[in-house]
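Observations on chain architecture
Each chain, letter by letter, is given below.
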Amino acid sequence: MSNLLYFDCHATVGQRPMKHPRVRWSTEHLLEDMDLAEISGALVTHGVARSYDPVYGNRRLRAERAKAPDRLFAAWCIVPLGDPGFFADGDALIAAMEAEDVRAVRLMPGGFSMHPEIVGPTFEVLQHHGILTLLEVGWGMPDIFGFFHELLSRYPRLPVLLTDHVWSQQRHVYALMERHENLHLEFSSYQINRGIEKYVADFGDERLLFGTGGTEKSPGAARFYVDYAQIPEGSRRRIAGENLKRLLKGQGPVQPAPASRKADGIMAEARSGRPLSVPVLDAHSHVLHEGGQTAGVNYLMYDGDAEHMLALNTRCGIDRTAMMSWNAPVCVDAHDGNEIVRRAMRQFGDQVIGVAVIDPTHMTPAEIEAEIRLRHIDQGFVGMKPYVRMNLNYEHDGFTPWWEFGNEHSLYALMHVAGHTGGVAGIGRLADRFPEVSWLIAHAGGSYPFAEEVAACIRDHPNVYAEITLTPVTNRVVEFLVAATDEDHVLFGTDAPMRDPRQQLGWVVWAELPLEAKKKVLGGNFQRILDCVNLPRG
């Protein structure tokens, strides 16, 4: 595969409200991240234009673009024409945009109505001139389909780029793509399992764009999804950058970014789309029943059974996957869900690491004892997974026999700590009570505040670990967790097939970490935990 020209359609620089002190924000941060992930250019908006005043903030963007004029291209924030302080009419707006070579706009939710009486003249001007218009999915909440269907129908020649939509909104977004040829998508948060292949097959590649959500999201996560897409090379090129340049009428970077000065062998393999040659173990995934495509009325998970999941993992270089079912923890159907995992273990052998679910809200103590013996002793499950939908604190007596068994046999537990579960502090108490269990706190990379809380727990409890996976793919949080704990307590996971494994893998592969630390996060740390297990064989 040739090196692709990556042109990011979705980035923000500048000050922004409610920012955690560790969250990256400046133009210098963005350029550093682009250099690291080998991204040629970015379409950028200024944070002040988003949160304060569009005209004032757009003016602030001039100086930021001047820091790298061949790499940074402007998307202005706008409000309805005639708004106080904004342009009086379309001619004035277009003239100002042409004077500064601005070829895209963004409308931020919150301050005005999208009713035709308010925004009609503005959208008519944008449509007439074919201006790429970025709209966050938040405009359409709670009726995503209804809102965007009406808007896209009203302005059928306006190129609209939807941003910040997430995997759980697939039914709405897919239905919109079926009906509106002027709708375009980016995938920084839309991390749907096998989604890029599905959308290329069903809609072609011309309406799909590469976006990172920078500076807050990992740019490496976004590019890995494209580098490892199972689509023709021409489609890959168009999605990586050519489609955005076409929508901007030729504006954009002119050549692929040079190889990063910080690149290592793993990055080189990723750049060329080759399966990673270092051991990679996924410490956190689900699995659907054979042939499964959906998880209840809410969620689509394309090809979410073990066969298709493992095929995609092999394409990327993920060697082994710790699987729990979806229906056991989320739908509290523990025994049946464990059976789905058992069938995958039987069919695919060591590629599948069994993670069992026990549910004291539906199982008697005798049934719990029998399930522990069946799964862990007879069938070799080594992971333990309670879940928040059981609505129990993890220190509840109903779990105690399980934790005692895990402590006796050095099992590991994967803990999602939202809700009434006892939180991170509760995991610390369990770690003290059951020191031979390895306690993996799930989704530790989801935000800096949570990462800080998890890191503090790890420093006090050496048998607690950070498992990183979550849709935000928080920029540089993997590096933070390694620095705040050590390189032995951070683990890669995907949460597939709820989300695609590729963005989660790219989050680590393109992290600014020493090669040996990266190898530990990708697989070495989890392998060490697995090596401690001492189950008797039934």
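Attention shifts here to the sheet that holds strand E1 (residues 7-13). Reading across the sheet, the three strands line up as E1-E2-E3 and stay open at both edges, with parallel pairing between neighbours. Both edges of this open sheet fall to E1 and strand E3 (72-74), since each of them pairs with a single strand only. Averaged over all adjacent pairs, the angle separating strand axes in this sheet is 35°, with direction ignored. Here three bridges tie strand E2 (residues 41-46) to E3, and the two strands are oriented parallel to one another. Of the residues in E3, the one forming a bridge with Ala42 is Leu72. Against the sheet, helix H3 (residues 54-65) touches E1, E2 and E3, its axis set at about 145° to E2.

Now for unusual backbone geometry. The omega torsion of the bond from Gly214 to Thr215 falls at 10°, within 30 degrees of zero and hence cis. Relative to the assigned elements, Thr215 resides in the loop between strand E9 (208-209) and helix H9 (219-227). Between Ala496 and the following residue, Pro497, the backbone shows a cis peptide bond with an omega angle of 0°. The backbone phi angle of Asp495 is positive, close to 65°, even though this residue is not glycine. Mapping Asp495 onto the fold places it in the loop between strand E19 (490-491) and helix H19 (501-509). We classify Asp495 as buried; its relative accessible area is 3%.

Bringing the packing of aromatic side chains into the picture now. The tally for this structure, following the rule as stated, stands at 24 aromatic pairs. Ring centres of Tyr448 and Phe480 lie 5.8 Å apart, and the angle between their planes is 70°; this geometry places the pair in the edge-to-face category. On the criterion of sequence distance, the pair formed by Tyr448 in helix H17 (residues 448-460) and Phe480 in helix H18 (residues 477-484) is long-range, its members being 32 residues apart. The two residues Tyr448 and Phe480 agree in class, both being buried. Taken together, Tyr174, Phe187, Tyr190, Tyr199, Phe203 and Tyr225 form an aromatic cluster joined through their ring pairs. Lying over the aromatic face of Tyr302, Lys198 brings its terminal NZ or CZ to 5.3 Å of the ring centre.

Right, let's get into H3. Over its twelve residues, H3 runs 16 Å from end to end, which matches the ideal 16 Å to within 8%, given 1.5 Å per residue. Burial in H3 covers these residues: Pro54, Gly57, Asn58, Leu61, Glu64 and Arg65. Here the buried residues of H3 occupy an arc of 100° about the axis, which is enough to place them on one side. If you check the start of H3, you find a side-chain oxygen 3.2 Å away from the backbone N of Val55, and it comes from Asp53.

Before going further, it helps to spend a moment on the environment of Trp402. If you trace the backbone, Trp402 turns up in helix H15 (residues 400-409). Residues Trp402 and Glu369, spaced 33 residues apart in sequence, show a C-alpha to C-alpha distance of 8.1 Å.

In this section: the packing of helix H14 (residues 365-378) against H15. Two numbers describe how H14 lies on H15: the axes approach to 11 Å, and their chain directions differ by 20°. By the angle class used here, H14 and H15 are roughly parallel. In this structure, H14 crosses over H15, and the sense of that crossing is right-handed. Within the contact between the two elements, H14 uses Ile372, His376 and Ile377 and H15 uses Pro401, Trp402 and Phe405.

Turning next to the packing of helix H6 (residues 144-154) against helix H7 (residues 170-179). Packing of H6 against H7 leaves a shortest axis separation of 9 Å and a crossing angle of 20°. Taken together, the axes of H6 and H7 lie roughly parallel to each other. Crossing handedness for the pair H6 and H7: right-handed. Taken together, the residues of H7 that come into contact with H6 (itself represented by Ile144, Phe145, Phe148, His149 and Leu152) are His172, Ala175, Leu176 and Arg179. Grouping the constituent residues of the contact of H6 with H7 by class yields six nonpolar, two polar and one charged.

This part takes up the environment of His286. Secondary-structure assignment places His286 in the loop between strand E10 (281-285) and strand E11 (294-295). Judged by its relative accessible area of 4%, His286 falls in the buried class. For the pair formed by His286 and Ala328, sequence separation is 42 residues and the distance between their alpha carbons is 9.6 Å. With near-sequence residues (within four places) excluded, His286 lies in contact with Met309, Met323, Met324, Ser325, Trp326, Pro329, Asp495, Ala496 and Pro497. Among the polar contacts made by the side chain of His286, one reaches the side chain of Asp495 at a distance of 3.1 Å.

Conventions we followed
- Residues numbered from 1 in each chain as written.
- Predicted model: local features only at pLDDT ≥ 70, side-chain atom pairs only at ≥ 80, totals over all residues.
- Heavy atoms only, no water.
- Pairing = 2+ DSSP bridges.
- Helix = DSSP H or I, 4+ residues; strand = E, 2+ residues; numbered from the N terminus.
- Axes fitted to C-alpha atoms, helices over the stretch in contact; angles between N-to-C directions.
- Contact = heavy atoms within 4.5 Å.
- Buried < 20%, exposed > 50% of the residue type's maximum accessible area, 1.4 Å probe, protein only.
- Phe/Tyr/Trp six-rings, centres within 6.5 Å; stacked < 30°, edge-to-face > 60°.
- Lys NZ or Arg CZ within 6 Å of the ring centre and 35° of its normal.
- Expected span 1.5 Å × (residues − 1).
- Arc of directions from axis to C-beta.
- Polar contact = N/O pair within 3.5 Å; in protein donor to acceptor, adjacent residues only side chain to side chain.
- Parallel < 35°, antiparallel > 145°, perpendicular 65-115°, else oblique.
- Left-handed = near helix turned anticlockwise from the far one by under 90°.
- Nonpolar A, V, L, I, M, F, W, Y, C, P; charged D, E, K, R; others polar.

Any functional reading would require information beyond the geometric quantities listed.
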